[in-house]
Amino acid sequence: MARLIRALSINALVMLVAAGATSTVVRAAESAPYPLAERLASSLTSGRLHAHLAALQAIADHSGGNRGFDRPGFARSAAYVAARLRLAGYQVTTQTVPYTNFEVAEERLVVDGSTAVPVLMTRFTPSTPAGGVDAPLAALPTGRTGCAAGDYDGVSVAGAVVVLARAACGYAVQQQVAAALGARAVLLYYPVPEPANIYRFLAFDPTMFTIAVGGISRKDGEDLIGRAATGARVRLTLRGSAQPRTTVNLFAETAGGDPENVVMLGAHVDSGTEGPGINDNGTAAVAVLQTALAMAPYQTTVRNKVRFAWWGAEELGNVGSAYYVSHLSAADRARIAVLLNGELLASPNGGRFVWDAGSGGGRVVADLFAGYFERQNLPYERHPITSIGSDHLEFAAAGIAVGGIDTGTLGVKTSEQQALYGGQAGQMFDPCYHQPCDTVGNLDSPALAANAPSLAWVTGRLATYDEDVRAAQAG
């Protein structure tokens, strides 16, 4: 991981950030009700966070434009985090995580023999034959989703490549219905307000997929639907295979604190493979990093042990966190009182969403975030913990209290949310989600400065206040 990033090394990035933020901790008034929480929160300034994010952007720029879980940019991002932690005095540990990757060899779509259309193969779905599929296009009448066989009444599907908008039933079901009627492949698009965006889908259960599936943009999808009516044909080539690989989880924890009451704060440090991932999830990864740096001078005096984590391969389905949780002993699992997580803290058209389990320890944690935002006079909404897929779900499934925040991904802002947060109703919370444009220029800097400190504040309170930890564990 200590390799040079072309002309810019990890050590150089670390020193650049250190030079711009020589003082890690900003001390709050000793009269604050939770002084450590206040100190940590005040350390997450816009300048410090942006210095770390600039380093991640530089890594992506020198790593093919991304920090993907299976790409050099991920290893370099993890090395940057580890170097900063070591400079602050932490002992850094790693966990090697074996996993099955899906490596795309070829993805190509040509319409009527001449027009090339960008396409992204869905991971873990079947490949086409080596020479591709040469087939007519098929599309559904307006208002039909492809979620049931009856949607294809009057449509010739056998032997065709079907174009579909992603629907509420899920693309696994849409693919199953089309395949059962004889379709040779499916082309999917998200019906989002950004017509040029292309998303790479993931087959979470590969056994549900029997034909090739590719992702295209809404603009191209709607164009192909129109061309299907005129008898257009396509040659679609999607070739990929599953390969054994390893990734890493990265950890640092306080030297002191009760090891029987562990407070965890984590975020995934990998991006998707289609972009640099500065909002998703560089923003949360650096919030965790800066919280750890701010806590370093106090790590021997905290009441409860704090463990910081940076997960690998979240973008492939919570790979790193799932491995970590599944390999905990029963005793070690019981020692983890709370897992805090963050996602996309600075969406440019974002909201402010507190994850709330609705009861038990998760409700205790949600109330801490809610209380913080209320004291800051910041609007927020409570969302179920399942409203965003991320690493906290692996801990929740193991019976550990979880909590955290996000500012929105693919969702579209409502007029009520515009009144709460500003921005533009009818547009995505983050139009650059999983896109090449998810750069430092994509961020809402005031939102980052307002949201990131909440993770530090809740961590600091749980590190020093036993009543909350006991309440979370009791739940």
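The structure under discussion appears in the preceding block.
Engineer: What is the right way to read the side chain of R123 from this model?
Structural biologist: Mapped onto the elements, R123 comes out in the loop between strand 5 (120-121) and strand 6 (133-139). Buried charge R123 goes without a salt bridge, the closest partner of opposite sign being E274 at 4.6 Å. Not counting chain neighbours up to four residues away, the residues in contact with R123 comprise F69, F102, R200, F201, L202, A203, T273 and L316.

Engineer: I keep staring at the packing of helix 3 (residues 46-61) against helix 7 (residues 278-295) and nothing clicks. Help me out?
Structural biologist: When two helices pack together, their arrangement is given by the angle between their axes and by how far apart the axes lie. At their nearest, the axes of helix 3 and helix 7 sit 9 Å apart, and the two run at 125° to each other. In terms of orientation, helix 3 lies oblique with respect to helix 7. The way helix 3 lies across helix 7 gives a crossing that is right-handed. Each of R48, L49, H52, L53, L56 and Q57 in helix 3 lies in contact with helix 7, whose residues at this interface are I278, G282, T283, V286, A287, L289, Q290 and L293. When its residues are assigned to classes, the contact of helix 3 with helix 7 shows eight nonpolar, five polar and one charged.

Engineer: Where do I start with the pattern of salt bridges in this structure?
Structural biologist: A pair can form between side chains of opposite charge whenever their charged atoms are brought close. All chains considered together, the criterion is met by 20 salt bridges. The closest approach of N and O atoms between D356 and R382, which form a salt bridge, is 2.7 Å. Linking D356 in strand 14 (residues 353-356) with R382 in strand 15 (residues 381-384), this pair joins segments that are 26 residues apart in sequence. D356 gets classed as buried once you look at its relative accessible area, which sits at 9%. On the accessibility criterion, R382 (34% relative accessible area) is partly exposed. Each of D356, R363, D367 and R382 takes part in one network of salt bridges that share partners.

Thresholds, definitions, all that
- Residues numbered from 1 in each chain as written.
- Predicted model: local features only at pLDDT ≥ 70, side-chain atom pairs only at ≥ 80, totals over all residues.
- Heavy atoms only, no water.
- Helix = DSSP H or I, 4+ residues; strand = E, 2+ residues; numbered from the N terminus.
- Buried < 20%, exposed > 50% of the residue type's maximum accessible area, 1.4 Å probe, protein only.
- Lys, Arg positive; Asp, Glu negative; His and termini not counted.
- Salt bridge = Lys/Arg side-chain N within 4 Å of Asp/Glu carboxyl O.
- Contact = heavy atoms within 4.5 Å.
- Axes fitted to C-alpha atoms, helices over the stretch in contact; angles between N-to-C directions.
- Parallel < 35°, antiparallel > 145°, perpendicular 65-115°, else oblique.
- Left-handed = near helix turned anticlockwise from the far one by under 90°.
- Nonpolar A, V, L, I, M, F, W, Y, C, P; charged D, E, K, R; others polar.

In short, geometric facts, not functional conclusions.
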